[in-house]
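# Observations on chain architecture
Spelled out from the first residue to the last, the chains are:
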Amino acid sequence: MSAADRAAKSGIALEAQKKIHSKYDESLAAQILIWLRNTIQESINTSGEVQNFLALLHDGTVLCKLANSLSPGAVRKVNDSKMAFKQMENISFFLAFAMKHIDKSELFQTADLYEEQDPNAVLICLSALARKSEKLFGKPGLGPKESDGEKREWSEQQLRAGDAIIGLQMGSNKGANASGINMGNTRHM
(Lines give C-alpha, C1' and ligand atoms only; values in the text may rest on other atoms or scores of the structure.)
Protein backbone atom coordinates (compact mmCIF):
# COMPACT_ATOMS: atom_id res chain seq x y z
CA MET A 1 0.00 0.00 0.00
CA SER A 2 1.52 3.30 -1.04
CA ALA A 3 0.67 6.76 0.23
CA ALA A 4 -1.62 7.29 -2.77
CA ASP A 5 -3.75 4.29 -1.72
CA ARG A 6 -4.32 5.60 1.79
CA ALA A 7 -7.17 7.75 2.97
CA ALA A 8 -6.24 11.40 3.42
CA LYS A 9 -5.22 12.25 6.95
CA SER A 10 -7.14 14.83 8.91
CA GLY A 11 -7.20 16.40 12.35
CA ILE A 12 -4.50 15.36 14.78
CA ALA A 13 -3.11 12.72 12.39
CA LEU A 14 -2.63 15.38 9.72
CA GLU A 15 -0.90 17.70 12.19
CA ALA A 16 1.40 14.89 13.33
CA GLN A 17 2.26 13.99 9.74
CA LYS A 18 3.01 17.63 8.89
CA LYS A 19 5.30 17.87 11.93
CA ILE A 20 7.15 14.69 10.90
CA HIS A 21 7.51 15.85 7.29
CA SER A 22 8.69 19.33 8.38
CA LYS A 23 11.89 17.78 9.79
CA TYR A 24 12.97 16.64 6.32
CA ASP A 25 16.02 18.59 5.08
CA GLU A 26 16.16 18.93 1.27
CA SER A 27 19.78 20.11 1.17
CA LEU A 28 20.94 17.15 3.27
CA ALA A 29 18.88 14.83 1.07
CA ALA A 30 20.60 16.24 -2.04
CA GLN A 31 24.03 15.65 -0.43
CA ILE A 32 23.04 12.09 0.51
CA LEU A 33 21.80 11.39 -3.02
CA ILE A 34 25.06 12.71 -4.51
CA TRP A 35 27.01 10.45 -2.10
CA LEU A 36 24.69 7.57 -3.07
CA ARG A 37 25.22 8.22 -6.80
CA ASN A 38 29.00 8.30 -6.35
CA THR A 39 28.99 5.16 -4.21
CA ILE A 40 26.82 2.98 -6.47
CA GLN A 41 28.28 4.61 -9.61
CA GLU A 42 24.94 4.97 -11.37
CA SER A 43 23.20 8.02 -12.72
CA ILE A 44 20.35 9.06 -10.42
CA ASN A 45 18.39 12.27 -9.94
CA THR A 46 20.06 14.04 -7.02
CA SER A 47 17.29 16.56 -6.39
CA GLY A 48 16.63 16.71 -2.66
CA GLU A 49 12.88 17.19 -3.06
CA VAL A 50 10.99 14.77 -0.86
CA GLN A 51 9.00 13.21 -3.72
CA ASN A 52 12.15 12.50 -5.74
CA PHE A 53 13.93 11.12 -2.66
CA LEU A 54 11.07 8.76 -1.81
CA ALA A 55 10.41 7.71 -5.42
CA LEU A 56 14.08 6.89 -6.00
CA LEU A 57 14.33 4.68 -2.91
CA HIS A 58 10.74 3.34 -2.86
CA ASP A 59 11.34 -0.16 -4.27
CA GLY A 60 14.55 -0.73 -2.29
CA THR A 61 16.72 -1.66 -5.29
CA VAL A 62 18.94 1.44 -4.96
CA LEU A 63 19.34 0.71 -1.24
CA CYS A 64 20.39 -2.88 -2.00
CA LYS A 65 22.87 -1.60 -4.59
CA LEU A 66 24.25 0.75 -1.94
CA ALA A 67 24.67 -2.12 0.53
CA ASN A 68 26.44 -4.22 -2.12
CA SER A 69 28.66 -1.27 -3.13
CA LEU A 70 29.75 -0.72 0.46
CA SER A 71 30.13 -4.40 1.27
CA PRO A 72 30.10 -6.72 -1.78
CA GLY A 73 27.67 -9.60 -1.35
CA ALA A 74 25.82 -7.95 1.55
CA VAL A 75 22.47 -8.42 -0.20
CA ARG A 76 22.45 -11.70 -2.11
CA LYS A 77 19.17 -11.31 -3.96
CA VAL A 78 17.74 -7.99 -5.15
CA ASN A 79 14.12 -8.28 -6.25
CA ASP A 80 13.21 -6.49 -9.48
CA SER A 81 9.52 -7.33 -9.12
CA LYS A 82 6.83 -4.64 -8.99
CA MET A 83 4.96 -6.59 -6.30
CA ALA A 84 4.73 -4.66 -3.03
CA PHE A 85 5.98 -7.42 -0.76
CA LYS A 86 9.06 -7.98 -2.95
CA GLN A 87 9.88 -4.27 -2.87
CA MET A 88 9.42 -4.19 0.90
CA GLU A 89 11.66 -7.25 1.11
CA ASN A 90 14.41 -5.26 -0.64
CA ILE A 91 14.03 -2.53 1.98
CA SER A 92 14.22 -5.10 4.77
CA PHE A 93 17.39 -6.60 3.20
CA PHE A 94 18.96 -3.14 3.32
CA LEU A 95 17.81 -2.60 6.91
CA ALA A 96 19.35 -5.92 7.95
CA PHE A 97 22.63 -4.74 6.43
CA ALA A 98 22.39 -1.30 8.07
CA MET A 99 21.54 -2.81 11.46
CA LYS A 100 25.01 -4.39 11.56
CA HIS A 101 26.75 -1.05 11.06
CA ILE A 102 24.74 1.76 12.68
CA ASP A 103 22.87 2.32 15.93
CA LYS A 104 19.37 0.94 16.20
CA SER A 105 18.08 4.45 16.96
CA GLU A 106 19.23 5.58 13.50
CA LEU A 107 17.31 2.91 11.57
CA PHE A 108 13.94 3.45 9.92
CA GLN A 109 10.94 1.19 9.56
CA THR A 110 9.98 -0.24 6.17
CA ALA A 111 6.72 1.76 6.27
CA ASP A 112 8.66 4.99 6.78
CA LEU A 113 9.95 4.61 3.25
CA TYR A 114 7.50 2.37 1.43
CA GLU A 115 4.37 4.12 2.71
CA GLU A 116 6.12 7.51 2.84
CA GLN A 117 5.39 7.88 6.55
CA ASP A 118 8.69 9.43 7.69
CA PRO A 119 11.19 10.45 5.00
CA ASN A 120 13.37 12.09 7.66
CA ALA A 121 13.95 8.72 9.34
CA VAL A 122 15.25 7.36 6.02
CA LEU A 123 17.47 10.41 5.69
CA ILE A 124 18.88 9.90 9.21
CA CYS A 125 19.67 6.26 8.45
CA LEU A 126 21.46 7.06 5.19
CA SER A 127 23.33 9.94 6.87
CA ALA A 128 24.58 7.62 9.59
CA LEU A 129 25.74 5.08 7.01
CA ALA A 130 27.43 7.80 4.95
CA ARG A 131 29.19 9.12 8.06
CA LYS A 132 30.60 5.66 8.86
CA SER A 133 31.37 4.75 5.24
CA GLU A 134 35.04 5.66 5.26
CA LYS A 135 35.82 4.04 8.60
CA LEU A 136 33.84 0.83 8.03
CA PHE A 137 34.09 0.27 4.29
CA GLY A 138 37.01 2.37 3.08
CA LYS A 139 34.73 4.35 0.75
CA PRO A 140 34.41 8.14 0.71
CA GLY A 141 31.93 9.24 3.34
CA LEU A 142 29.85 12.27 4.12
CA GLY A 143 29.64 14.43 7.21
CA PRO A 144 31.94 14.74 10.20
CA LYS A 145 34.52 12.05 10.73
CA GLU A 146 33.76 9.93 13.78
CA SER A 147 36.31 9.87 16.54
CA ASP A 148 38.00 6.67 17.59
CA GLY A 149 38.00 7.60 21.26
CA GLU A 150 41.02 8.01 23.46
CA LYS A 151 42.33 4.93 25.17
CA ARG A 152 43.79 5.75 28.58
CA GLU A 153 46.20 3.68 30.55
CA TRP A 154 46.31 4.15 34.32
CA SER A 155 49.10 2.83 36.54
CA GLU A 156 48.25 0.96 39.71
CA GLN A 157 49.69 3.87 41.74
CA GLN A 158 47.38 6.36 39.97
CA LEU A 159 44.35 4.15 40.59
CA ARG A 160 45.18 3.79 44.33
CA ALA A 161 45.77 7.55 44.78
CA GLY A 162 42.04 8.20 44.64
CA ASP A 163 41.22 5.80 47.47
CA ALA A 164 42.30 8.26 50.20
CA ILE A 165 40.26 11.19 48.90
CA ILE A 166 36.80 11.85 50.30
CA GLY A 167 34.76 13.40 47.57
CA LEU A 168 32.50 16.40 48.11
CA GLN A 169 29.51 14.27 47.18
CA MET A 170 30.04 12.27 50.36
CA GLY A 171 29.06 15.23 52.53
CA SER A 172 29.53 15.31 56.23
CA ASN A 173 27.24 14.49 59.11
CA LYS A 174 28.83 17.13 61.44
CA GLY A 175 28.47 15.05 64.57
CA ALA A 176 24.86 14.06 63.99
CA ASN A 177 23.57 10.85 65.46
CA ALA A 178 20.39 8.82 65.25
CA SER A 179 19.05 9.70 68.71
CA GLY A 180 15.47 10.83 68.66
CA ILE A 181 14.52 8.72 65.69
CA ASN A 182 11.80 6.26 66.66
CA MET A 183 12.42 3.29 64.46
CA GLY A 184 9.68 0.81 65.06
CA ASN A 185 8.40 2.61 68.18
CA THR A 186 5.01 4.18 67.90
CA ARG A 187 3.65 6.95 70.04
CA HIS A 188 1.32 5.63 72.69
CA MET A 189 -1.65 7.71 73.70
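Source: prediction; values computed, not measured.

### Quick notes on the environment of leucine 33
Residue position: leucine 33 is located in helix H2 (residues 26–40). When residues no more than four places from it in sequence are discounted, the contact partners of leucine 33 are Ile44, Asn45, Thr46, Ser47, Asn52, Phe53 and Leu56.

### Some points on the nonpolar core
Judged by nonpolar contacts, the single largest core of 38 residues is most densely connected at Phe53, Leu57, Leu66, Phe94, Phe108 and Leu126. Elements that contribute at least two residues to this core include exactly H2, helix H3 (50–57), helix H4 (61–70), helix H5 (84–99), helix H6 (110–114) and helix H7 (119–137). Contacts of phenylalanine 94, omitting those with residues within four sequence positions, involve Leu63, Leu66, Ala67, Phe108, Cys125, Leu126 and Leu129.

### Side note on H2
Relative to the 21 Å expected for 15 residues at 1.5 Å per residue, H2 spans 21 Å between its end C-alpha atoms, a close match to the ideal helical length. For H2, the complete set of buried residues consists of Ala29, Ala30, Ile32, Leu33, Trp35, Leu36, Thr39 and Ile40. The inward-facing, buried residues of H2 contact H3, H4 and H7. Within two residues after H2, glutamine 41 carries a phi angle of roughly 55°, on the positive side.

### Comments concerning the confidence of the model for the chain
Summarising the model, the chain shows a mean pLDDT of 85, and 86% of its residues fall at 70 or more. Considering each helix and strand of the chain separately, the mean pLDDT is smallest for helix H1 (residues 11–22), with a value of 77, and largest for H4, with 95.

### Points about the packing of aromatic side chains
Per the counting criterion, the structure on display carries four aromatic pairs. When the centroid spacing of 5.7 Å and the interplanar angle of 55° are considered together, the rings of tyrosine 24 and phenylalanine 53 count as tilted. Taken as a pair, tyrosine 24 in the loop between H1 and H2 and phenylalanine 53 in helix H3 lie far apart in primary sequence, 29 residues in all. Take tyrosine 24 and phenylalanine 53: they sit in the same class, and that class is buried. Ring centres 6.4 Å apart and planes at 25° place the aromatic pair phenylalanine 94 and phenylalanine 108 in the stacked group. Here phenylalanine 108 lies in the loop between H5 and H6 and phenylalanine 94 lies in helix H5, a separation of 14 residues in the sequence.

### A word on the environment of glutamate 115
Residue position: glutamate 115 is located in the loop between H6 and H7. Put simply, glutamate 115 and histidine 58 are 57 residues apart on the chain and 8.5 Å apart in space, counted from C-alpha to C-alpha.

### Some thoughts on the pattern of salt bridges
Per the counting criterion, the structure on display carries six salt bridges. For glutamate 42, the salt bridge goes to lysine 65, with nearest N and O atoms at 3.2 Å. Of this pair, glutamate 42 sits in the loop between H2 and H3 while lysine 65 sits in helix H4, and the two are 23 residues apart along the sequence. Judged by its relative accessible area of 33%, glutamate 42 falls in the partly exposed class. Lysine 65 sits in the partly exposed class, given a relative accessible area of 33%. The partner of arginine 160 in a salt bridge is aspartate 163, and the shortest N-O contact between them spans 3.3 Å. Considered together, arginine 160 and aspartate 163 belong to a single accessibility category, that of exposed residues. Ionic contacts of the salt-bridge type, sharing partners, join the residues Glu156, Arg160 and Asp163 into one network.

### As for the side chain of histidine 58
Mapped onto the secondary structure, histidine 58 falls in the loop between H3 and H4. Since its relative accessible area comes to 17%, histidine 58 is described here as buried. A polar contact of 3.4 Å, which involves the side chain of histidine 58, links it to the backbone oxygen of tyrosine 114.

How each quantity is defined
- Within any chain, residue numbers begin from 1 and follow the written order of that chain's sequence.
- Two thresholds apply to this predicted model, a pLDDT of at least 70 for residue-level local features and 80 or more for giving and counting side-chain atom pairs, whereas whole-chain, interface and lining totals are computed over all residues.
- Excluding hydrogens and water, the side-chain figures rest on all heavy atoms present in the structure.
- Under the scheme used here, helices are H or I runs from DSSP no shorter than 4 residues and strands are E runs no shorter than 2 residues, and both carry numbers assigned from the N terminus.
- Should any heavy atoms of two residues lie within 4.5 Å, those residues are counted as being in contact.
- Each nonpolar core is a collection of buried residues, namely Ala, Val, Leu, Ile, Met, Phe, Trp, Tyr and Cys, held together in the definition by side-chain atoms within 4.5 Å.
- The buried label applies to any residue whose accessible area, calculated with a 1.4 Å probe on protein chains only, is under 20% of its type's maximum; exposed applies above 50%, and partly exposed to all values in between.
- What a helix is expected to span follows from its residue count: subtract one and scale by 1.5 Å.
- Scored from 0 to 100, pLDDT records how confident the predictor is in each individual residue.
- In this scheme Phe, Tyr and Trp rings, the latter by its six-membered ring, pair at centre separations within 6.5 Å, and the angle between planes marks the pair as stacked below 30 degrees, edge-to-face above 60, and tilted otherwise.
- Every case where a carboxyl oxygen of Asp or Glu lies within 4 Å of a side-chain nitrogen of Lys or Arg is listed as a salt bridge.
- Side-chain atoms alone can form a polar contact between residues adjacent in sequence; in general such a contact is a pair of N or O atoms within 3.5 Å, and within protein one must be able to donate a hydrogen while the other accepts it.

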